[in-house]
Amino acid sequence: MLELNIKDETSRLRAVVLGTAINNGPTPSIDAAYDPKSLEHILAGTYPLEEDMVNEMEAFNRVFVKYGVVVYRQKMIENYNQIFVRDIGFVIDDVFIKSNILPDREHELDAIQYILEQINPSKVIRPPEEVHIEGGDVMLWKDHIFIGTYKGSDYADYITARTNHYGVQFIKDLFPNKIVKEFDLVKSKIEARDNALHLDCCFQPVGKNKGIIYKRGFREEADYRFLLDLFGEENLFHITRKEMYHMNSNVFSIDTNVVVSEKKFTRLNKWLRTNGFVVEEIPYAQIAKQEGLLRCSTLPLIRD
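Residues numbered from 1 in each chain as written. Predicted model: local features only at pLDDT ≥ 70, side-chain atom pairs only at ≥ 80, totals over all residues. Heavy atoms only, no water.

A. Spatial organisation of unusual backbone geometry. The phi torsion at K142 lies on the positive side, around 55 degrees, for a residue other than glycine. By the element assignment, K142 lies in the loop between strand 6 (138–141) and strand 7 (144–149). In this structure, M247 takes a positive phi of about 75 degrees despite not being glycine. The residue M247 is located in the loop between helix 7 (241–245) and strand 12 (252–255) in this model. (Helix = DSSP H or I, 4+ residues; strand = E, 2+ residues; numbered from the N terminus.)

In structure tokens, the structure reads:
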């Protein structure tokens, strides 16, 4: 039996699901693009090649092996993108919550069924149909659960709006002892530089008291101020619009002092090292072209 335990984003990682780029399928059609960044690269003829993405994910896997982390991979679905495993589910405490994802991605849950079968069935939950929530929008921080959402009346028109108000309420009901704080995110269907696809595209905690943040990713100034007050301005690394586009806030913590980061994130990596972090730099710029990075391609199961 797998004894799940996830209470924050940064404690020592013991077990994780890592996505896979093997048999990733052809470059999607324009109509099939899930986000504006993928669309941009499809149109420009610069969409990432499977070989390059496989190499990047294997570099990530080697870091996990180095730190003795147990790594699970999905069963392969032919000609199918299975990189962003964070979208399909997430763990809070000892509960695995399946996401109600875009309907044509339902196969991705089937591909981790062998893992779910190792978990106590009473600890695996599928929310009601009206509940939309994806793992990239859910972050645990001490007694808080942070949830990214979109409150615009045009929610249904946005393929980039992934977590709705029903999703926020579902988590509030499921974890009444936690402080659930929602953040209204900026969305765009056409400009990736102005689209926070998930909360981890504009914010993420690192270490014990620090975080990476993009101010303009929040529709409400008050939401940004909340994080500023909670963490303290001196503990937050503010990224630029360009750095947000390249996914600088989407790094991944293996421990409170170990962060896996993209090797080109020069400014961020320097700040992390200055603040005492061990930075494991890997190439991940090809995968970033699909508006997802390191956190997006992981689904942590057990942390100390």
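B. Molecular detail of the pairing of strand 1 (residues 13–18). In terms of burial, strand 1 is largely enclosed, as 5 of its 6 residues are buried. For strand 1 and strand 15 (residues 298–303), the ladder comprises 5 bridges, and the chain directions are antiparallel. By the bridge assignment, V16 is partnered in strand 15 with P300. In terms of strand pairing, strand 1 meets strand 2 (residues 70–73) through 4 bridges, oriented parallel. Looking at the pairing, V16 lines up with V71 of strand 2. (Buried < 20%, exposed > 50% of the residue type's maximum accessible area, 1.4 Å probe, protein only. Pairing = 2+ DSSP bridges.)

C. Spotlight on the sheet that holds strand 15. The mixed open sheet is built from 3 strands, whose spatial order is 2-1-15. Two strands bound the open sheet, and with one partner strand each, they are strand 2 and strand 15. In this sheet, adjacent strand axes meet at a mean angle of 20 degrees when their direction is disregarded. Sheet contacts for helix 2 (residues 50–66): strand 1, strand 2 and strand 15; angle to strand 1, the most-contacted strand, approximately 160 degrees. (Axes fitted to C-alpha atoms, helices over the stretch in contact; angles between N-to-C directions. Contact = heavy atoms within 4.5 Å.)

D. Here's a closer look at the state of the cysteines. Summed over the entire model, instances satisfying the criterion amount to 0 disulfides. For the unlinked cysteine C201, the closest cysteine sulfur is that of C296, found at 5.4 Å. Residue C201 is classed as buried on the basis of its relative accessible area, which comes to 1%. Among the cysteines around C202, which has no disulfide bond, C201 carries the closest sulfur, lying 7.1 Å off. (Disulfide = S-S within 2.5 Å.)

E. Representation of helix 1 (residues 36–44). P36, K37, S38, H41 and I42 are the residues of helix 1 that are buried. Tucked into the core, helix 1 has its buried residues touching helix 7. Positive phi shows up at G45, right after helix 1, with a value of about 75 degrees.

These figures capture arrangement, not role.
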